Amino acid sequence: MENDLSSIRKILEHNGYEFTIQKHLILNVLLKSDVHLSAKQIYDKVKEKNIGLATVYRSLKIFKDLKIVKEINDNGINYYEMKIFSKKPLHIHFKCLKCNSIIDIDSKDADIEYIKLNKKIEEQNNIDIYDSNIIFIGLCNKCREELKCQDQLSSEE
Ligand SMILES: [Zn+2]
Ligand SMILES: [Zn+2]
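Everything numeric here is computed off the predicted structure, so don't read it as measured data.

J.: Help me understand helix 3 (residues 39-46), please; the structure alone is not making it clear to me.
T.: Owing to its 3.6 residues per turn, the α-helix aligns residues three or four sequence positions apart on the same side. Those residues of helix 3 that sit buried are Ala-39, Ile-42 and Val-46. Angular distribution of buried residues about the axis of helix 3 spans 65°; they occupy a single face of the element. The elements touched by buried residues of helix 3 are helix 2 (21-32), strand 1 (37-38), helix 4 (53-65) and strand 3 (77-82).

J.: Please clarify how the side chain of His-36 should be interpreted in this entry.
T.: Tracing the chain through its elements places His-36 in the loop between helix 2 and strand 1. A polar contact of 2.7 Å, which involves the side chain of His-36, links it to the side chain of Glu-81. Separated by 2.8 Å, the side chains of His-36 and Asp-104 make a polar contact. Sequence-distant contacts of His-36, defined by excluding residues within four places in its chain, comprise Gln-41, Ile-72, Tyr-79, Tyr-80, Glu-81, His-91, His-93, Ile-102, Ile-103 and Asp-104.

J.: Would you take a moment to explain the coordination of the zinc ion (ligand 1) for this structure?
T.: Geometry sets the ideal angles at a metal, namely 109.5 degrees for four tetrahedral donors and 90 or 180 degrees for six octahedral donors. The protein atoms donating to the zinc ion (ligand 1) are Cys-96 (SG), Cys-99 (SG), Cys-140 (SG) and Cys-143 (SG), with metal-donor distances spanning 2.3 Å. Note that the zinc ion (ligand 1) binds four donor atoms; their angles at the metal cover 104 to 115°, and the shape is tetrahedral. Spacing between the donor residues of the zinc ion (ligand 1) along the chain follows C-x2-C-x40-C-x2-C. Looking at Cys-143, the relative accessible area reads 2%, which means it is buried.

J.: Whenever I open this one, unusual backbone geometry confuses me. Can you help?
T.: Among all residues save glycine, negative phi is the norm, and among peptide bonds the norm is trans. Within the chain, Asn-75 stands out as a residue other than glycine whose phi angle is a positive 50°. Here Asn-75 lies in the loop between strand 2 (69-74) and strand 3. Take Asn-75: its relative accessible area is 70%, and that puts it in the exposed class. Its identity as a non-glycine residue notwithstanding, Asn-126 has a phi of 55°, on the positive side. Here Asn-126 shows up in the loop between helix 5 (108-125) and strand 6 (135-138). A residue is classified by how much of its surface remains accessible, and Asn-126, at 72% relative accessible area, is exposed.

Rules used throughout
- Here the residue numbers are simple positions, counted from 1 along each chain's written sequence.
- To label them, take the chains in the order written and letter them from A, then take the ligands in the order written and number them from 1.
- A pLDDT threshold of at least 70 governs which residues receive local features in this predicted model, and a stricter bar of 80 or more applies before side-chain atom pairs are shown or counted, although totals over entire chains, interfaces and linings include all residues.
- As a rule here, side-chain values cover all heavy atoms of the structure and leave hydrogens and water aside.
- For every residue, the accessible area (1.4 Å probe, protein chains only) is compared with the maximum for its type, and the residue is labelled buried under 20%, exposed over 50%, or partly exposed between those bounds.
- Counting from the N terminus, the helices are DSSP H or I runs at least four residues long and the strands are E runs at least two residues long.
- By construction, the arc corresponds to the directions joining the helix axis to the C-beta atoms.
- In what follows, a contact means two residues having at least one pair of non-hydrogen atoms within 4.5 Å.
- Between N or O atoms, a polar contact is any pair within 3.5 Å; within protein, one atom must be a potential hydrogen donor and the other a potential acceptor, and residues adjacent in sequence are included only when both atoms are from side chains.
- As a rule, N, O and S atoms within 2.8 Å of a metal are its donors, except that Na, K and Ca use 3.2 Å; water is not among the atoms, so sites may look incomplete.
- Metal sites are grouped by the angles between bound donors: all angles between 85 and 135 degrees with four donors is tetrahedral, opposite donors over 155 degrees apart with the others between 65 and 115 is square planar for four donors and octahedral for six, and any other pattern is irregular.

Now the structure itself:
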C-alpha cells in the first residue's frame, strides 16, 4: 500500500497537484475499502481528522480526472473505487435494489467474456473503448434469502 501511495503521489505531483495530508487520508480510505463508497461515506470516515466535505469532493474530482479512481453513477449518487492498482480494472457491477449495495461481480469467466464483448464492440463500430459502466440490477444474495424466509413464514400462517 505504501508503494501504491508513492506512485499516486508521483502522478499527482507530475500533474501539478500537491500530495496533501487530506488527499493521503482520502486515498487510504479508498485503498482499504472493499466496497464502493460515496463522497459522503468517505467524508464520514475522515471528518474527525478535520477534513471538510468540499475537500473530499475536490480531491475525488482530481483523482477521477487523473484516472486514479473510478466513478460509478447510480441514481444521481456517485460511488468511488480505486481504479489504478485494482486487481480487476474492468469489471461488472451489480446493484441490489433492497439494500442498495453495489457489488463487484467476481468471476474470471464473466471478466473474460466481458473483455471479449468490449473487443467485439470496438471492432464492429470502429471505436476505442477506454472504460465502461455496466450495472446489473436486482436482489443480492443476502436480500434474496431474507425474502425467501419471509415467504416461508407467510405461507406457514
Ligand atoms: Zn441486498
Ligand atoms: Zn467495482
